[in-house]
Each structure stands twice: as structure tokens, then as C-alpha cells.
Amino acid sequence: MKISAKLLGSVLIIFVAAFGGLAYLADRSARSALVFEAAQQLEVVRRSRAEALTTYFNSSYDGLKAAAGGVTPDVLLHEMPRAIRRLPREVDGDTSDRRARLIDYYKTTIEPGLIRSGIAWPSAEGYVSRLGEEAIALQSEAFVGADAHRTAYGALHAQYHPRVVDFARSSNWLNVILVTADGTVVYTMQKGIELGVNLRSDPWKGTRLADAVEHAIHSDGRDRRFFTDYAPYAPAFGTPMSFMSTPVFGTHDTDGLLGAIVLFVSLNEIERTLTEHSGFGSTEETYAVGPDLRMRSSSRFHAEPTSLKLVVDTDAVHRALAGEAGTIQQLDYRKERVLSSFAPLSFAGVTWAILAEIDIKEVLIPARALRLRIVWLFVAFTAVAGALLVFVLRRVVLAPIGTLTHAAQRIEHGDFEQPVALDTADEFGQLGRVVNTMMGSVRSSLHSTQARLAESQIDLRQVAARLNNVREQERSRLARDVHDQLGQALTAFKMDVAEVRRRLGRDDYSGAGARLEEVSCRIDAAIDETRRLASELHPPALDDVGVIDAMRGYLLDYSRRTGIAGTFDADVAPAAPPLPKDHGTALFRILQEGLTNVVRHAEATHVDVRLTVTRDEVALVVRDDGRGIPPAGQRARGLGVVGMRDRALLFGGDVSIAGEPTGTTVTARLPLAEDS
Ligand SMILES: Nc1ncnc2c1ncn2[C@@H]1O[C@H](COP(=O)(O)OP(=O)(O)OP(=O)(O)O)[C@@H](O)[C@H]1O
Ligand SMILES: [Mg+2]
């Protein structure tokens, strides 16, 4: 991976992390602000709806109370029971005829509707057979009777009924019924099948309507009011109905309880109040739920009415029914996530849960828009910052790295001449300067090495030439020596031998012995000379007595020949290995050159030779007391010293020369390998 890609990648990761964190925080705070605001609005809506509902209930009750306390119910409950008792006698025909006609009416008009509604219905005959004589007369008059004015009840009805209707309409009541203290329904506004029946007998006994009446009749105060929660009401073909009841007392205190008045309140009014659109959000809805967890209004998300059908089993409902109020997020009856504001709504002994809810999705729409804006901002910012970064990276990092890489490649190919063209004040500039300095020192050491190499090449050439020269000189000297010494000696032998033969040929034996003695002496001298020549070519002592004795012998001979006093000292460590022959020869030649230099250049009177052999090395020191060798640069460039060094070098050793005013010390060291 390229360094630019790595840098860009890391910066991008940092961007994403920073922006992501920022976006997350912004999103979170936006969400909680939106939810908080929505919760407040929902609470306002819920409160206003609850208030409207309570107002409706209260005004209905006020109306009911007014009606119960006014003259109409009082009069009706006084007059009507009496009129009903007279009714069987006032109307035409006998009871069984009326009963048959009534059954017929039930069958054609009422029964089909009840059956359609799926209500348990005892059949028209079954129901009508339970009705008493007065009830039959009343119902047949009300349902099928021709002229109501013929009877006392008809007259009363005609007088008061329009007033009741006006009153009920103004309050949106569906029906109003009057029940005597013994439970008989003496008046119904809608002329339903309740008319004339006794609510304490079958099949009315135990119904909600009967309960509402019983509560009112058995209450202990004039102002008591009762409310039964909504439930399907069979006589209205299963329409959900709620009953509000209150006792009716006579106008005079002595009159006592006359009965009860009951209002039928349909759910429509409640739905109208609750489902009125608040203008707050398209998914906002307010609804009520009863203790049976069924809705008391219709869901705006269902086409069919849902009152008393849809079960809402949510946390908010349970908490509201338990008397709590608050706002939570939860899944509603549609399994949709909503913000739900809930509270209990109690009225005349019945408690409902009232809920105002809105889909979280809708609440968070502005947050989504914000998120989108942040993403766009991020993209734009990243593009601009990325371009800027690439530009800066190129200038500040990548270009210097490229320059340094090229310089490194040039160095790899041995080019130390061209300096790195990087003169910035940053780390790259510093690195460039360091590289330039390094290249400078490499260059100068290269130059000096090259110079030394050239010098040693010259030395080598000189050594080779000199060696050739020396070899030729040696040969001519040997030839001369052999010619002069041996040639002359042999010529002399020949002459002596010829002389002796001549004399012997003449039988002259005089002087022959002396002559042969001379020849013998000359032969001895020739033998000595031959030995000297051979010894110069290769000292035999090296082979015969070993290097130490050969050195000692050579020094003795040297002192004798040159008059320079010499001392020899050898120190061989017990652990030292035997000195190899090659090492011995090399050291012997070094000694020879050293001693030759002493006699040639040192003007010395004394020379010390010391040989030290340890386990690891052998050292030869030749020290004279002469005038001292000049420093390397100032002395004549001979081949003696070079030759000494070359010999030592062959064995991995070295030769050092120290010149002091009072003499020169030549030290040669040869390492001794363990297997040598
Ligand atoms: N023991 C010494 N005392 C004083 N000067 C010395 C001594 N040994 C060498 N030198 C100096 O060092 C020089 C170099 O010696 P080196 O042996 O290399 O050359 P050389 O003796 O002049 O010639 P050759 O090549 O024949 O040996 C000599 O010319 C001499 O000036
Ligand atoms: Mg020399």
C-alpha cells in the first residue's frame, strides 16, 4: 500500500469518525427535542379532548338532571302509570287479538333486524308472550294503533312527547325513557320494545339498562347520577349504547321517589369529540379505551367502526386505567411505533383511558431531513478537504519522499556526486541534509580509498619490476661468483693436477705432496664457497636446526661480518604450537631485510633481535640504536619495507616500524591459526 493511500485512508477514517460522532449527537439531540415537543403537543391535544368529553358528559347530565327535576318527568311518572292501567279497557278488541297482531308486527318489523345483528333473541312469540295485558295494549297502541288520541295515555303522550323530543335533540340524546319505581317503562321517546315492560322481569332483568334504572331507584340522594359504559344494545340491533340515569322525585317533598329517567347516549357524539382532527400531524389520533381494553371510539386507521370491537392491549392503556398519566413511546394496536400521551378519564364511576398518539416516524421526519443534510455536508466537506489534503500531501510529503527515493536509487547505483535537492525547514529537509553530508563523507573516503588503491598498484608494479631486477642481479652475481670463485678454483685445480701429472710422468716426486696439500686446501675453500652460495639461496640451517637457531646463527655471522654487536633472545610459551615452516621462512627473510637496513641506513652500533611465540601469534622485534628511521612521507621509497609487509600480509599479519631519535624498531606479527 502506498504511503499516500495510507495517509488519505487514515484521514478519511478520522473524518468519518468525527463526522459520524457529530451526526450521531446532532441526530440524538434533534430526536429528543422533537419527541419532547411532540409529547407536549400531544398532551395538549389529549387534555383538550378529555375536557371536551367531560364537558359533553356533564352537560348531558345537567340536562338529565334538569329534565328529572322539571315538571315533565314528574307529571309523566304520575299520570302515565294511571293512564296505562286504563288502556286495556280504552282500546278496541281483546288482548289475544292484540297479542297476535303484535307478534305479527314483531315478526315483520323487529325480528329480521335482530336476527341480522346476530343477537340472542327468544323469538317474537316468546317475547310477546311474556308481556302483560297493559304492556300489550301500550305497545300495540304505540306500534300499530290507529288513533292515539282516543285514550288517556295517547292524550298525555301527544301533550308531552314533542317537548321531550325537542329537549333530547338539543342534547344529542338518542332516546329517553321513564321508568316507575317498580321498574315498569311507562314512556320511551323512540317507541322501542322496552315500552311497557317491567325491567325486573325476563328478559330485561340484569341488563345494563335495568342496572342503570336500579341504581337510580335505589340511590339515596336526589342528585345521584349513574353511567353505564358502552355495550352493544340488542333492541337497537347491537348498536353500542351507554345509559345515564338519575332518580325522579315528586315536586313536593312528600311525594317521594316516583321512578327514574334514563338517557341513551350513542357513541357517535364521543367519536365526534375525540376524532375531530387537531391539525397536529397526519398520523395523530385520540381515542378512548374502556376497562375491557376495547376502544370506545373508532380508529382513524380502520374503514369499519372499531368501537367496542378493537382490543387495545398496550402499556399506555394499562397505566392510564391504573390511574397514571404520562407520555411514552410504544407499539400501538397497529404494531406501529408511536408516541403515546395517556391519562385516565373518570366519569360517574366509569374509568376509561384516553390516549393521544402520533407515529414516531412522523415526529422524526425533521430529524431525517437533518440527517440527510448532515450527510450532504459530510460529502461536500470530505470532497473539499480531500482535495486540499491531496494537494498538501503532494507538496509537503510525497514530493520530498519522491526526491529522497530518487536519491536513494542513485546511491544504490553508486552515484554519490549529485546531492539531494531538498532544502525545506521540516524533517524531510533535515533528512536531505543528513543524506548530503553522508554522501560527502562516503565520497571523500571513496576518493582516498581510490588514491590508496592507485598507490598500492604503483607499489605493486614497482615491487614486480624490482623483483625482476633483483632476480637478474642475483643471477648475475651468482654467475659471477661461480665464475670468479669456483671457475678460478677449478682452473687452479686443473693446473695443479696437470703439474702433478707432469711431474709424476717424469718420475719427479719432489714437491708432489706439498702440491697435493695445496690442492686439498683449495678444494676446501671451493667447498666453503659452494656452501656460502647455497646458503644465500636458501639458508640450510632453516631446514636443519629450525628458525630460532638459524636466526641466532645468522645474527652471529652478521655481527662478525659487519662489526655491529647483536643480541638474540627467543621466548616460546609452553602452550605455543610448533612454528610452521612457512612462517619461519617468512620471519627469517624479514629479519634479513631488517638487519640489512640497519647496516645500510642506521649507522648503529648495536642491534637487538627478539622472537616471541605464544599460542596465538609469533612476533619478531628488531631494534637498533642508530639514527632512527624518518617518518613514512619523508623517507626514500625502497622495496624492503614493502616486501616485509607483503610477506606478513600473506599470513594475515602486519609489520609496524617506529622511528625514534635514538633508533628504529621493526615489529612483525604473524597470527598462528590453531590448525597451522
Ligand atoms: N633501521 C633503519 N634506520 C634508519 N633508517 C632506515 C632503517 N631502515 C630503513 N630506513 C630508511 O627507510 C628507507 C626505506 O627502506 P627500504 O628497506 O624500504 O628501502 P631501501 O633499504 O632504501 O632499499 P631496498 O629496496 O634495497 O631495501 C631507507 O631508504 C632508509 O632511509
Ligand atoms: Mg632495505
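It should be noted that the structure appears before, not after, this text.
Quick caveat: nothing in here was measured; it's all calculated off a predicted structure. (Residues numbered from 1 in each chain as written. Chains lettered and ligands numbered in written order. Predicted model: local features only at pLDDT ≥ 70, side-chain atom pairs only at ≥ 80, totals over all residues. Heavy atoms only, no water.)

**A few points about the sheet that holds strand β1 (residues 175-180)**
The strand order β2-β1-β5-β4-β3 describes an open sheet built from 5 strands, whose pairing is antiparallel. Strands with a single pairing partner mark the edges of an open sheet, and in this sheet they are β2 (185-188) and β3 (226-233). Strand-to-strand twist in this sheet, taken as the mean axis angle between neighbours without regard to direction, amounts to 25 degrees. Where β1 and β2 come together, 3 bridges link them in antiparallel fashion. The residue of β2 that forms the bridge with valine 179 is valine 185. (Pairing = 2+ DSSP bridges. Helix = DSSP H or I, 4+ residues; strand = E, 2+ residues; numbered from the N terminus. Axes fitted to C-alpha atoms, helices over the stretch in contact; angles between N-to-C directions.)

**So, a nonpolar patch on the surface**
On the surface, a cluster of nonpolar side chains totalling about 430 Å² of accessible area is made up of Leu372, Val375, Trp376 and Val379. Tracing the backbone through its elements, the reader meets valine 375 in helix α11 (residues 365-412). Given the relative accessible area of 45%, valine 375 is considered partly exposed. (Patch = residues over 30% accessible without salt bridge, like charges linked within 9 Å, V, L, I, M, F, W, Y side chains within 5 Å. Areas by Shrake-Rupley, 256 points an atom, 1.4 Å probe, with all protein chains shown as cover. Salt bridge = Lys/Arg side-chain N within 4 Å of Asp/Glu carboxyl O. Buried < 20%, exposed > 50% of the residue type's maximum accessible area, 1.4 Å probe, protein only.)

**Observations regarding the packing of α11 against helix α12 (residues 427-505)**
Taken N-terminus to C-terminus, the directions of α11 and α12 make an angle of 15 degrees; their axes are 10 Å apart at the nearest point. Judged by the angle between their axes, α11 and α12 are roughly parallel. Judged by the sense of rotation from one axis to the other, the crossing of α11 with α12 is left-handed. Contacts between α11 and α12 involve Val396, Val397, Pro400, Ile401, Leu404 and Ile411 from the former and Phe428, Leu431, Gly432, Val435 and Met439 from the latter. Grouping the amino acids of the contact of α11 with α12 by side-chain chemistry returns 10 nonpolar, 1 polar and no charged. (Parallel < 35°, antiparallel > 145°, perpendicular 65-115°, else oblique. Left-handed = near helix turned anticlockwise from the far one by under 90°. Contact = heavy atoms within 4.5 Å. Nonpolar A, V, L, I, M, F, W, Y, C, P; charged D, E, K, R; others polar.)

**Some words on the site of ligand 1**
Around ligand 1, the structure places 16 residues, and the nearest of them are Asn597, Arg600, His601, Leu639 and Val641. Within the backbone of leucine 639, an N or O atom sits 2.9 Å from an oxygen atom of ligand 1. Threonine 664 places a polar side-chain atom, nitrogen or oxygen, 3.5 Å from a nitrogen atom of ligand 1. Here ligand 1 loses 89% of its free accessible area of 590 Å² to cover by the protein chains. (Near = heavy atom within 4 Å. Polar contact = N/O pair within 3.5 Å; in protein donor to acceptor, adjacent residues only side chain to side chain.)

**Re the coordination of the magnesium ion (ligand 2)**
Surrounding the magnesium ion (ligand 2) are the protein donor atoms Glu593 (OE) and Asn597 (OD1), which sit 2.0 to 2.3 Å from the metal. Of this pair, glutamate 593 and asparagine 597 are both found in helix α16 (residues 581-602), 4 residues apart, which corresponds to roughly one turn of the helix. Since its relative accessible area comes to 21%, glutamate 593 is described here as partly exposed. (Donors = N, O, S within 2.8 Å, 3.2 Å for Na, K, Ca; no water.)

**Thoughts on the packing of helix α15 (residues 547-562) against α16**
Where α15 meets α16, the axes come as close as 10 Å, and the angle between the chain directions of the two elements is 15 degrees. Judged on the interaxial angle alone, α16 and α15 are roughly parallel. Regarding α15 and α16, the two cross each other, and that crossing is right-handed. On α16, the residues touching Val547, Ala550, Met551, Tyr554, Leu555, Tyr558 and Thr562 of α15 are Gly584, Leu587, Phe588, Leu591, Gln592, Leu595, Val598 and Val599.

**Points about empty space enclosed by the protein**
All chains considered together, the criterion is met by 1 cavity of 30 Å³ or more. Its boundaries defined by the atoms lining it, the largest cavity holds a volume of some 30 Å³. Where the lining of the largest cavity is concerned, the elements lending two or more residues are β8 (337-347) and β9 (350-359). Class assignment for the residues of the lining of the largest cavity results in 6 nonpolar, no polar and no charged. (1 Å grid on protein atoms, 1.4 Å probe; cavity = no way out; pocket = protein on both sides within 12 Å on 5 of 7 lines; lining within 4 Å. Points joined across faces, edges and corners; volume = space filled by probe spheres on them.)

**Notes on the sheet that holds strand β10 (residues 565-572)**
Within the open sheet, the 5 strands sit side by side as β10-β11-β12-β14-β13. Their pairing is mixed. If you trace the sheet from one side to the other, it starts and ends with β10 and β13 (654-660), each paired once. The sheet shows a mean angle of 10 degrees between the axes of neighbouring strands, direction not considered. The pairing of β10 with strand β11 (residues 606-613) spans 8 bridges and is parallel. Counted as the bridge partner of aspartate 571 is threonine 612 from β11. Contacts from α15 reach β10, β11 and β12 (617-624) within the one sheet, and its direction differs from that of β10 by about 170 degrees. Along the sheet, α16 makes contact with β11, β12 and β14 (663-671), crossing β12 at roughly 10 degrees.

**Focus on the nonpolar core**
Grouped together as the largest cluster of nonpolar side chains are 50 residues, with contacts concentrated most on Phe57, Tyr153, Phe227 and Trp352. Filtering out sequence-adjacent residues up to four positions away, tyrosine 153 remains in contact with Met80, Ala83, Ile84, Leu87, Glu90, Leu138, Val186, Tyr187 and Leu195. Counting 34 residues, the second largest nonpolar core, distinct from the first, contains Ala604, Val607, Val641 and Leu672. (Core = buried A, V, L, I, M, F, W, Y, C linked by side-chain atoms within 4.5 Å.)

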